[in-house]
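Survey of secondary and tertiary structure
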Amino acid sequence: STLKAIELLTNCFVLVQGQTVSIMGTIKGIKQVRRIIQDCFKNVHPIYHIKELMIRRELEKDPELKNENWDRFLPHFKTRNVQRKKTIIRKKKKSTDVFPPQHQ
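We now turn to the structure provided with this report. (Residues numbered from 1 in each chain as written. Predicted model: local features only at pLDDT ≥ 70, side-chain atom pairs only at ≥ 80, totals over all residues. Heavy atoms only, no water.)

We now examine the nonpolar core. Most often, soluble globular proteins have nonpolar side chains that are buried together. Listed in full, the 9 residues of the largest apolar core are Ile 6, Leu 9, Cys 12, Val 14, Val 33, Ile 36, Ile 37, Ile 50 and Leu 53. Those elements that provide at least two residues to this core are α1 (2–10), β1 (12–17), α2 (27–41) and α3 (47–61). Sorting elements by how many residues they give to this core places α2 first, with 3 residues. Sequence-distant contacts of Leu 9, defined by excluding residues within four places in its chain, comprise Gln 32, Ile 50, Leu 53, Met 54 and Arg 57. (Core = buried A, V, L, I, M, F, W, Y, C linked by side-chain atoms within 4.5 Å. Buried < 20%, exposed > 50% of the residue type's maximum accessible area, 1.4 Å probe, protein only. Helix = DSSP H or I, 4+ residues; strand = E, 2+ residues; numbered from the N terminus. Contact = heavy atoms within 4.5 Å.)

The next point concerns the state of the cysteines. All chains considered together, the criterion is met by 0 disulfides. Looking at the unpaired Cys 12, the closest cysteine sulfur is the one in Cys 40, lying at 15 Å. (Disulfide = S-S within 2.5 Å.)

Right, let's get into α3. Residue pairs spaced three or four apart in an α-helix point in one direction, given the helix's 3.6 residues per turn. The end-to-end C-alpha distance of α3, which contains 15 residues, comes to 22 Å, matching closely the 21 Å that a straight helix rising 1.5 Å per residue would cover. The secondary structure elements touched by the buried residues of α3 are α1 and α2. (Expected span 1.5 Å × (residues − 1).)

The grouping of Val 44, Ile 47, Tyr 48 and Phe 77 at the surface amounts to a nonpolar patch, some 310 Å² of accessible area in total. Residue classification places Ile 47 among the partly exposed positions, given a relative accessible area of 35%. (Patch = residues over 30% accessible without salt bridge, like charges linked within 9 Å, V, L, I, M, F, W, Y side chains within 5 Å. Areas by Shrake-Rupley, 256 points an atom, 1.4 Å probe, with all protein chains shown as cover. Salt bridge = Lys/Arg side-chain N within 4 Å of Asp/Glu carboxyl O.)

Moving on, we get to the pattern of salt bridges. The full count for this structure, using the stated rule, is 6 salt bridges. One salt bridge connects Lys 28 with Glu 60, and the closest N-O pair in it is separated by 3.6 Å. Here the residue Lys 28 occupies a position in helix α2, and Glu 60 occupies one in helix α3, the gap between them amounting to 32 residues. Given a relative accessible area of 39%, Glu 60 falls into the partly exposed group. Across the pair Arg 56 and Glu 52 runs a salt bridge whose closest N-O atoms are separated by 3.2 Å. Linking Arg 56 with Glu 52, this pair stays in helix α3, spanning 4 residues, or about one helical turn. Glu 52 sits in the buried class, given a relative accessible area of 16%. Within this structure, Arg 35, Glu 52 and Arg 56 form a network of salt bridges that share partners.

Next up on the list: the environment of Ile 47. Within the secondary structure, Ile 47 sits in helix α3. Separated by 22 residues in sequence, Ile 47 and Asn 69 have C-alpha atoms that sit 23 Å apart.

So this is what it looks like as structure tokens:
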């Protein structure tokens with residue numbers, strides 16, 4: 001559903017296959033999709049961009065706000081440093097042979 005929303009908002013066709021993404025559409029739409037994909041690589045969820053694109057589309061329709069700055073309407077998401085679980089370092093057990101070492 002996220003991919004379909006990106007397609008509808010940018011008027012582009014997006015195909016994802018493995019780690020490869022191909023885009024077909026207008027230059028403006030391709031630039032928007034490219035920004036979303038690059039932020040996905042930076043671990044930013046695409047829903048933030050989808051919300052922004054929906055707000056921009058509504059602001060474009062309003063003739064009074066066409067020449068104004070839209071920053072006050074667009075959401076500003078804060079980046080958070082979330083602490084991750086630390087990986088547990090496990091010590092390897094000593095190998096125990098069935099037979100004791102030979103005496104010389």
